[in-house]
Amino acid sequence: MQTIRGFRDILPENIALWQKVEKEATRLFKQFGYEEIRIPILEKTELFARSIGEVTDIVEKEMYTFADRKGDKLTLRPEATASIVRSYIQHKMYAAEPVRKFYTIGPMFRRERPQKGRYRQFYQIDAEVFGVESAYVDAELVFILNELFTALGLSDLKAHINSLGCAECRPSYQKALLDFISTKTEHLCENCLRRMDKNPLRILDCKVESCANALTDAPATLDHLCSACDDHFNTVKRALEQQNVAFTVDKSLVRGLDYYTRTAFEILTTNLGAQSAVAGGGRYDRLTEELGGPPTPAIGFAIGYDRLVEVMEALDNVPTPDVLDLFILTLGDDATHKGYIWASELNRMGLRCEVDYRGKSMKALMKRANKLNARHVLIVGEDELAKNALILRNMTTKEQTDIQVDQVVDTCLARLKP
Ligand code: AMP
């Protein structure tokens, strides 16, 4: 049996970087006042269709959607924002305290063409802030990403930022865009022609070469912002400049989902060869209301966890493997029984300690201690037990000490606890 295409195991030998990322991310989130939220992996299809948008690549082509035994249409979540908005509304969080900052970490599912850095089950680290319209929150999210990636040793990073406007300025922009697009229809792919009426902004995100070429001079949202959006975007830029976050204004950044308004951003790196995004996000000031909640400004980001780990691997930024504090080398049944009792106690008290129960020879057990990277070995053979003098060997200095049988736990804890 094999995993299905685009799905993969992340094996223990590769987990160190994943854990390093998670530890650093949760530390930062805590410091910046973000609370963890856990949402289901399966939701009603309608949630994603309504939030991400009917005419987007995700909803049209990439979702894992199926009818369950009762015929309800369900979808494996392709992203986390929609579910967090649903949760915010469902639990009426806005009533008690409209300002909430969340993070969540977990798998997402999109049926894309698998390739390096692109999977059908992939992982995201996601943050969302509800109830604050201020541009400082936009800056804070980009700042947190910058902090996290810097702490993880990434250097070749650039934040691309854009503003997509709001309900006020979007209609006049869309008209300008449609006027432009209607002069280019002969160059556009079928998908774009179909999407033209429903959501012309999507066309700007089309990856087909002829479409991209035809649209290089298309009007940009940034040139059609109302004064409130303009002020908002200027505040984001001013804050990031002052915080020394490397960014560039990218008029062509529109992002592949419908719900974005105002600030949109991506963090790009060239570490995986071609430039690719390790994180993306933006404001979605209308989504909570569109899904049935009260008007609530909100903004969030998603980090591509798989890609982030791949970038770190490319940088050779792999943590050293864990060492074992103590290997208890036992010869004979009595020794192995004692070894088991001591090891459990030492494990409980915080020492990384192992026994091999397979009845191997002294030579084989020493080999295993080395393989496990043990810092110390306690030798418990019949002779040592008879003499009441067990040997504790420091594997680095080769220094040996005798320990009495009834002193094992106390002595090992006192000497070896990291
Ligand atoms: P998005 O939700 O599409 O904005 O994606 C946010 C981030 O998730 C992207 O910048 C990618 O790094 C990552 N990502 C999206 N789709 C995939 C995928 N199929 N496989 C791996 N990472 C992905």
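It should be emphasised that the depicted structure is a prediction, and the values quoted were computed from it without experimental measurement.

A. Focus on the sheet that holds strand E3 (residues 65-67). An order of E2-E4-E3 is seen for the 3 strands of this open sheet, with the pairing classed as antiparallel. In this open sheet, the two edge strands, each paired with only one partner strand, are strand E2 (42-44) and E3. Strand after strand, the sheet turns through a mean of 35° between neighbouring axes, direction not considered. Sheet topology note: the E3/strand E4 (residues 73-76) ladder contains 3 bridges and is antiparallel. Its bridge partner lying in E4, Ala67 is registered against Lys73. Contacts between helix H2 (residues 45-52) and the sheet are confined to E2, E3 and E4, with E2 contributing the most and set at about 75° to the helix.

B. Summary view of the environment of Asp410. Tracing the chain through its elements places Asp410 in helix H17 (residues 408-416). You can call Asp410 exposed: its relative accessible area is 53%. Residues Asp410 and Thr263, spaced 147 residues apart in sequence, show a C-alpha to C-alpha distance of 59 Å.

C. Up close: the site of the ligand. Around the ligand, the surrounding shell holds 14 residues, and the nearest of these are Arg110, Glu112, Tyr119, Arg255 and Ala277. Contact between the ligand and Glu112: a nitrogen atom at 2.7 Å from a side-chain N or O atom of the residue. Between the ligand and Arg255 there is a distance of 2.5 Å, counted from an oxygen atom to a side-chain nitrogen or oxygen. For the ligand, whose unbound accessible area comes to 480 Å², protein coverage reaches 92%. At the level of secondary structure, the elements contributing two or more residues to the shell around the ligand comprise strand E6 (121-130), strand E10 (276-283) and strand E11 (298-304). If one sorts the elements of the shell around the ligand by residue count, E10 sits on top with 3 residues. Split into classes, the residues belonging to the shell around the ligand amount to 6 nonpolar, 3 polar and 5 charged.

D. Broad picture of the packing of helix H14 (residues 333-348) against H17. Here H14 crosses H17 at 40°, and the two axes come no closer than 10 Å. In terms of their interaxial angle, H14 and H17 are classed as oblique. In the packing of H14 onto H17, the handedness of the crossing is right-handed. Between H14 and H17, the contacting residues are Trp342, Glu345 and Leu346 on the first element and Val408, Val409, Cys412 and Leu413 on the second.

E. Structural detail: the packing of helix H1 (residues 15-31) against helix H13 (residues 305-314). Put simply, H1 and H13 touch, their axes get as near as 10 Å, and they point 115° apart. Of the possible angle classes, the one that applies to H1 and H13 is roughly perpendicular. Seen from above, H1 lies across H13 with right-handed handedness. Between H1 and H13, the contacting residues are Leu17, Trp18, Gln19, Lys20, Val21 and Glu22 on the first element and Tyr305, Asp306, Leu308, Val309, Met312 and Glu313 on the second.

F. Fine view of the pattern of salt bridges. Applying the stated criterion across every chain, the model contains 27 salt bridges. With a closest N to O distance of 3.5 Å, Asp57 and Lys61 form a salt bridge. Residue Asp57 and its partner Lys61 are located together in helix H3 (residues 57-62), separated by 4 residues, close to a single helical turn. One salt bridge connects Arg195 with Asp57, and the closest N-O pair in it is separated by 2.8 Å. Linking Arg195 in helix H8 (residues 190-198) with Asp57 in helix H3, this pair joins segments that are 138 residues apart in sequence. Classification of Asp57 as partly exposed rests on a relative accessible area of 32%.

About the cut-offs
Residues numbered from 1 in each chain as written. Predicted model: local features only at pLDDT ≥ 70, side-chain atom pairs only at ≥ 80, totals over all residues. Heavy atoms only, no water. Pairing = 2+ DSSP bridges. Helix = DSSP H or I, 4+ residues; strand = E, 2+ residues; numbered from the N terminus. Axes fitted to C-alpha atoms, helices over the stretch in contact; angles between N-to-C directions. Contact = heavy atoms within 4.5 Å. Buried < 20%, exposed > 50% of the residue type's maximum accessible area, 1.4 Å probe, protein only. Near = heavy atom within 4 Å. Polar contact = N/O pair within 3.5 Å; in protein donor to acceptor, adjacent residues only side chain to side chain. Areas by Shrake-Rupley, 256 points an atom, 1.4 Å probe, with all protein chains shown as cover. Nonpolar A, V, L, I, M, F, W, Y, C, P; charged D, E, K, R; others polar. Parallel < 35°, antiparallel > 145°, perpendicular 65-115°, else oblique. Left-handed = near helix turned anticlockwise from the far one by under 90°. Salt bridge = Lys/Arg side-chain N within 4 Å of Asp/Glu carboxyl O.

By themselves, these figures tell us nothing about what the structure is for.
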